[in-house]
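What follows is the residue order along each chain.
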Amino acid sequence: MTTPARPRQPELRVVLVDDHALFRTGVRAEIDGSVDVVGEAEDVDSAVASIVEHRPDVVLLDVHLPGGGGTQVIAKVHRTLPEMRFLALSVSDAAEDVIGVIRAGARGYVTKSIAGKELVEAIGRVADGDAVFSPRLAGFVLDAFAGTIEVAQVDEDLDRLTEREREVMRLIARGYAYKEVAKELFISIKTVETHVSSVLRKLQLSSRHELTRWASDRRLI
Amino acid sequence: MTSTAADAAGGYEYRRAYRPADSRMIGGVAEGLAAHFGVNVFWVRLAFVVATWFNGVGILAYGLLWWLLPIDPDTEDPDTPAGIRAATRRGLRTPSGRGPQALSDPVQTIALLALGLGVLLLTQAVGWGLGTSALIPVLVAVVGVALVWRQVDQTRWNRWVTQPTGWAAVARLSLGLALVSAAVIFAVGQRSGMDALLDVSAVLLIAVIGIALLVGPWIYRLTRELGAERTERARTQERADVAAHLHDSVLQTLAILQKNSDNPRMVATLARRQERELREWLYGSRRPPETTLRGALDAAASQVEDDHGVPVEVVGVGDLALNPHGEALVRAAGEAIVNAAKHSGAEAIDVYAEVGGDDVAVFVRDRGAGFDPDGVGTSEAGTKMGIRESIVARMERHGGTAEIRSAPGDGTEVRLSMPRHRLDEGEES
C-alpha cells in the first residue's frame with residue numbers, strides 16, 4: 001500500500017545515534033540492506049565525531065541523549081556542516097521534544113514504532129531534501145499554527161499556514177501517505193513535497209515567542 | 001470517621017490526628033484537628049481564637065499541638081501516578097495547588113485573627129487583661145516566637161538545609177530573635193527605667209550569643225541529619241515505587257513474552273500494552289481525562305489494541321469536554337475502530353480528531369482490505385448493518401454525519417462530523 005522504495009543508485013549512508021545499544025541493533029537489523037549504516041553513536045560527543053568523520057547522507061537521531069540531547073548534536077554539527085540532514089527518531093511523543101528537535105533543524109520526525117519499510121522511505125525523503133511528517137507531528141503542527149498562534153504579530157506570512165498547507169497537514173495527520181495526499185487533493189506528489197517542505201520551513205523559522213507560548217499553554221492542558 | 005483498616009484487622013487501633021503537610025495557614029493544626037474530629041475547619045479556628053482571649057490559652061494550645069502533632073505521612077494523593085509522585089518527591093516538579101478553597105482560606109484566617117486581636121484589645125481597654133505596658137511587648141514577642149518557630153518546623157528543615165539561599169532562613173531566624181529581644185528590652189525598659197536598658201541589652205546580647213554557641217551546633221547537626229534522613233527516605237520510597245511497578249508490569253510482561261515468543265501477534269500486543277502502561281505510569285498526569293474527546297478516544301483506542309492486537313494511533317488537534325452528543329461521537333468512532341481492527345486486516349489504524357471552530361471531526365483510517373460500500377448481498381452484509389446502525393444512524397440521531405469511504409484493496413476511512421454547537425450544548429448549565 002505504501003510506495004515501494006524508490007530505486008536509488010548508490011545506497012544511502014546513514015549514521016545511527018541512540019543511547020540504547022539494543023535499540024540501535026534493532027534498527028540496524030531492520031534497515032540494513034536498504035541503506036548503509038556507516039556509523040553508530042551513543043551520546044552527543046560521539047555523535048558529532050561520527051557524523052563529521054563519516055559525512056552520511058542522513059543522520060537518524062534520538063531526541064534524548066546523554067550530553068544534551070539531539071538538539072545539541074544538530075547545533076554542533078550544523079556549525080561546521082550546515083547541510084547535514086537529520087531525521088529525528090524517538091520514543092518520546094511529547095510535544096516539547098517533537099517541536100524542539102524540529103526547530104533545532106531536523107528535517108523530520110518519526111516515532112520508534114515506525115515500520116522498517118516506512119523508515120527507509122522516510123530516510124530516502126530526507127536524503128532528497130524533503131521533510132518527513134509523522135501523523136503525530138502533523139497534528140502538533142496544526143495545533144501549533146491554530147488557536148494560540150492565529151494572531152501573529154511578527155510575521156504574518158511565516159506564522160500562518162496556507163489553506164493548502166493546512167489541508168496537506170490534516171491528511172498526513174489522518175494517516176495518509178504522500179501519494180494518497182496527492183491523489184486526494186488532485187495534485188502531484190512533487191507539489192505535496194513542496195507544501196510539506198514549506199510547512200517545515202515555517203515551523204523552523206516562525207517567531208520563537210509564539211511557539212514557545214503554544215508549548216507552555218499546551219502543558220497546562 | 002470510622003477506622004476501616006483497623007476494624008478489618010480485628011483489633012482497635014487509635015486513630016491519630018495529623019497535620020497536613022500542605023494546604024495550611026500557620027502550622028496546619030486547625031486543619032488537622034478539623035479532619036480528625038470531622039468538623040469544619042472554621043469552627044476549630046474560631047475555638048482557638050476564643051480560647052486566646054482567656055490569658056492566651058489558644059495560642060499556647062496551638063503552639064503545643066503544633067509541636068506534638070506529627071505531619072500526615074499520607075498527604076500524597078494515592079491516585080497520582082507513581083512516576084509523578086517520585087518526581088515530586090525528588091523535587092523535579094512542583095506539587096499541585098491547594099485546590100479551590102485556597103483563596104478563601106487565608107482571608108478567613110486573617111479575618112479571624114483580626115477579630116481575635118480586636119477582642120484582645122477590647123479586654124485591655126476594659127481592664128481585664130494584661131497591663132497596657134505589657135501588651136505590646138507580648139504581641140511583639142508572639143510575632144518573634146512565631147517566626148522562630150516557623151523556622152524550626154520540621155517540614156521546613158529539609159528545604160532550609162537544601163536551599164542554596166540559606167541566608168533567607170538565617171535572616172528570618174535573626175529577625176525573630178531580634179523581635180523577641182526587643183520585646184524583652186522594651187518590657188524591662190518600661191518597668192525599670194531607661195537607665196537599666198543598656199545593662200539589660202548587654203546581658204541579653206551575651207545570653208543570646210551564649211545560647212547560640214551552646215545550641216547552634218546541635219541544631220545545625222540535627223537539621224543536617226534530619227535532611228539526610230528525609231532524602232534517604234524519599235529515595236527509598238522512590239525505589240520501592242519503581243520496583244513495585246516494574247515487578248507488577250514489566251517483569252510480568254517479559255515473562256509472558258518469553259513463554260510466547262513464537263506467537264508474534266501476542267508479542268506485539270503485549271509489548272504495545274506494556275508500552276502504553278509504562279507511558280501512562282510515568283506521565284499519567286498529562287493524559288487527558290476520559291471526560292474529554294481526546295481522553296475518550298485514547299481509551300477507546302487502548303481497548304481495541306488490547307482486544308484485537310492492532311496498534312491504534314490517535315492524533316488530535318484541540319480538545320473539549322464531552323456532552324451526550326460528544327459521547328455519541330466517541331462511541332461511533334469506537335465502533336469504526338473496532339470494525340477496522342476486526343475486518344480490515346490492517347497492520348495499524350490511524351485516528352484523527354480535530355476540534356474546529358464550526359465542527360468537530362473524527363477520522364478513522366485503515367489501509368486494510370477495504371470493501372465495496374455499495375455492494376449488496378455480500379458476506380459483509382452483517383458488518384454493513386453494524387456500520388449503518390451503530391455509526392451512521394447514531395451520528396444522524398445526534399445531528400452529525402458519517403461518511404464511509406472504502407474501495408477493495410484501498411483501505412477504509414470513516415469520517416464523522418458533528419456541528420460544534422451540539423458539542424458545546426449544556427456546558428453552561
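Quick caveat: nothing in here was measured; it's all calculated off a predicted structure. (Residues numbered from 1 in each chain as written. Chains lettered and ligands numbered in written order. Predicted model: local features only at pLDDT ≥ 70, side-chain atom pairs only at ≥ 80, totals over all residues. Heavy atoms only, no water.)

Quick question: what am I supposed to make of the overall build of chain A here?
Within chain A, the regular secondary structure consists of 10 helices and six strands. By residue count, 55% of the 221 residues in chain A fall in the buried class. When contacts within chain A are restricted to residue pairs at least 6 apart in sequence, those whose partners lie at least 24 apart make up 67%. A total of about 9,700 Å² of accessible surface is found on chain A, and carbon and sulfur atoms cover 54% of it. (Helix = DSSP H or I, 4+ residues; strand = E, 2+ residues; numbered from the N terminus. Buried < 20%, exposed > 50% of the residue type's maximum accessible area, 1.4 Å probe, protein only. Contact = heavy atoms within 4.5 Å. Areas by Shrake-Rupley, 256 points an atom, 1.4 Å probe, with all protein chains shown as cover.)

How do you make sense of the overall build of chain B when you look at a structure like this?
Helix and strand counts for chain B stand at 15 helices and five strands. When the 429 residues of chain B are sorted by exposure, 34% land in the buried category. When contacts within chain B are restricted to residue pairs at least 6 apart in sequence, long-range pairs at least 24 apart make up 64% of them. Split by element, the accessible area of chain B, about 25,100 Å² in all, is 62% carbon and sulfur.

How should unusual backbone geometry be read in this particular structure?
Glycine aside, negative phi is the norm for most residues, and most peptide bonds take the trans geometry. All names here are of chain A. One non-glycine residue, arginine 55, lies in the positive phi region at around 45°. Looking at the secondary structure, you find arginine 55 in the loop between helix 2 (44-54) and strand 3 (58-61). Of note in the backbone geometry, phenylalanine 186 takes a positive phi value of approximately 55° without being a glycine. Tracing the sequence through the fold places phenylalanine 186 in the loop between helix 8 (178-185) and helix 9 (189-205). Residue phenylalanine 186 is classed as exposed on the basis of its relative accessible area, which comes to 75%.

Sorry, what's going on with the packing of aromatic side chains here?
Aromatic ring pairs are defined here through the distance separating the ring centres and the angle between the ring planes. Applying the stated rule across the entire model yields one aromatic pair over all chains. A centroid spacing of 6.1 Å and a plane angle of 25° characterise the contact between B:Tyr352 and B:Phe363, whose relative ring orientation is stacked. Of the two residues, B:Tyr352 is situated in strand 2 (residues 349-355) and B:Phe363 in strand 3 (residues 359-366); the sequence distance between them amounts to 11 residues. Note on B:Tyr352: relative accessible area 0%, which makes it buried. Under the relative-accessibility criterion, B:Phe363 is labelled buried at 10%. A cation sits over an aromatic face here: A:Arg174 above B:Phe363, 3.6 Å from the ring centre. Above the ring of A:Tyr176, the side-chain terminus of B:Arg365 is found at 4.3 Å from the ring centroid. (Phe/Tyr/Trp six-rings, centres within 6.5 Å; stacked < 30°, edge-to-face > 60°. Lys NZ or Arg CZ within 6 Å of the ring centre and 35° of its normal.)

Quick question: what am I supposed to make of a nonpolar patch on the surface here?
Residues and elements named next belong to chain B. A cluster of nonpolar residues, Leu60, Leu64, Trp67 and Leu68, forms a patch on the protein surface that exposes about 500 Å² of accessible area. Topologically, tryptophan 67 is positioned in helix 4 (residues 57-68). A residue is classified by how much of its surface remains accessible, and tryptophan 67, at 61% relative accessible area, is exposed. (Patch = residues over 30% accessible without salt bridge, like charges linked within 9 Å, V, L, I, M, F, W, Y side chains within 5 Å. Salt bridge = Lys/Arg side-chain N within 4 Å of Asp/Glu carboxyl O.)

I keep staring at the UniProt feature "modified residue: 4-aspartylphosphate" (unreviewed entry) in chain A and nothing clicks. Help me out?
Per the UniProt annotation, the sites labelled "modified residue: 4-aspartylphosphate" (unreviewed entry) are A:Asp62. We classify A:Asp62 as buried; its relative accessible area is 4%. (UniProt positions renumbered as here; feature names shortened; annotations may be inferred.)

Explain the sheet that holds strand 6 (residues 132-133) of chain A to me, please; I cannot follow it from the model alone.
Hydrogen bonds along the backbone pair up the strands of a sheet, which may run parallel or antiparallel. All names here are of chain A. Pairing in this open sheet of six strands is parallel, and the strands run 2-1-3-4-5-6 from one edge to the other. The open sheet has two edge strands with one neighbour each: strand 2 (36-41) and strand 6. Each of strand 3 and strand 4 (86-90) touches helix 3 (residues 70-80); the most contacted strand, strand 4, lies at about 170° to it. (Pairing = 2+ DSSP bridges. Axes fitted to C-alpha atoms, helices over the stretch in contact; angles between N-to-C directions.)

Looking at this model, I keep getting lost on the nonpolar core. Mind explaining?
A general trend in soluble globular proteins is that nonpolar side chains are found buried together. A:Val73, A:Phe86, A:Phe133, A:Val141, A:Met169, A:Ile172 and A:Val196 are the most contacted members of the largest nonpolar core, which has 55 residues in total. Sorting elements by how many residues they give to this core places helix 6 (residues 135-145) of chain A first, with seven residues. No fewer than three residues from each of domain 1 (13-146) and domain 2 (160-217) of chain A sit in this core. Dropping the residues within four chain positions of it, A:Ile172 is found in contact with A:Phe133, A:Ser134, A:Pro135, A:Ala138, A:Tyr178, A:Val181 and A:Val196. B:Val304, B:Ala333, B:Ile337 and B:Met418 belong to the second-largest nonpolar core, a separate cluster that totals 35 residues. (Core = buried A, V, L, I, M, F, W, Y, C linked by side-chain atoms within 4.5 Å. Domains from an automatic or database assignment.)

I would appreciate a short explanation of the environment of B:Glu396 in the present structure.
By the secondary structure assignment, B:Glu396 is in helix 14 (residues 381-397). Considered as a pair, B:Glu396 and B:Ser417 are 21 residues apart in the sequence and their alpha carbons are 9.8 Å apart.

Explain the packing of helix 7 (residues 163-173) of chain A against helix 8 of chain A to me, please; I cannot follow it from the model alone.
The packing of two helices is summarised by the inter-axis angle and the distance between the axes. All names here are of chain A. Where helix 7 meets helix 8, the axes come as close as 10 Å, and the angle between the chain directions of the two elements is 130°. It follows that helix 7 is oblique to helix 8 by the angle criterion. When you trace helix 7 past helix 8, the crossing you get is right-handed. Two secondary-structure elements touch here, helix 7 through Arg164, Glu167, Val168, Leu171 and Ile172 and helix 8 through Tyr178, Val181, Glu184 and Leu185. Class assignment of the residues belonging to the contact of helix 7 with helix 8 gives a composition of six nonpolar, no polar and three charged. (Parallel < 35°, antiparallel > 145°, perpendicular 65-115°, else oblique. Left-handed = near helix turned anticlockwise from the far one by under 90°. Nonpolar A, V, L, I, M, F, W, Y, C, P; charged D, E, K, R; others polar.)

What's the story with the side chain of A:Ser50 in this structure? I'm lost.
Within the secondary structure, A:Ser50 sits in helix 2. When residues no more than four places from it in sequence are discounted, the contact partners of A:Ser50 are A:Val15, A:Gly39, A:Glu40, A:Ala41 and A:Arg55.

How do you make sense of the sheet that holds strand 3 of chain B when you look at a structure like this?
Residues and elements named next belong to chain B. The mixed open sheet is built from five strands, whose spatial order is 1-2-3-5-4. Strand pairing shows two members of the sheet lacking a second neighbour, strand 1 (312-317) and strand 4 (401-406), which therefore form its edges. On average, adjacent strands in this sheet sit at an angle of 10° to one another, irrespective of strand direction. When strand 3 meets strand 5 (residues 412-419), the two strands line up antiparallel, connected through eight bridges.

I tried to follow the pairing of strand 3 of chain A on my own but got confused; where do I start?
For a regular strand, side-chain orientation follows a simple rule: the groups alternate between the two sheet faces. Residue and element names in this part refer to chain A. Across the two faces of strand 3 the burial is the same, with Val58 and Leu60 and Val59 and Leu61 all buried. Relative to strand 4, strand 3 is paired through three bridges, and the arrangement is parallel. Looking at the pairing, leucine 61 lines up with alanine 88 of strand 4. With helix 3 bridging strand 3 and the parallel strand 4, this β-α-β connection has right-handed handedness. (Right-handed = clockwise from strand over helix to strand, strands pointing away.)

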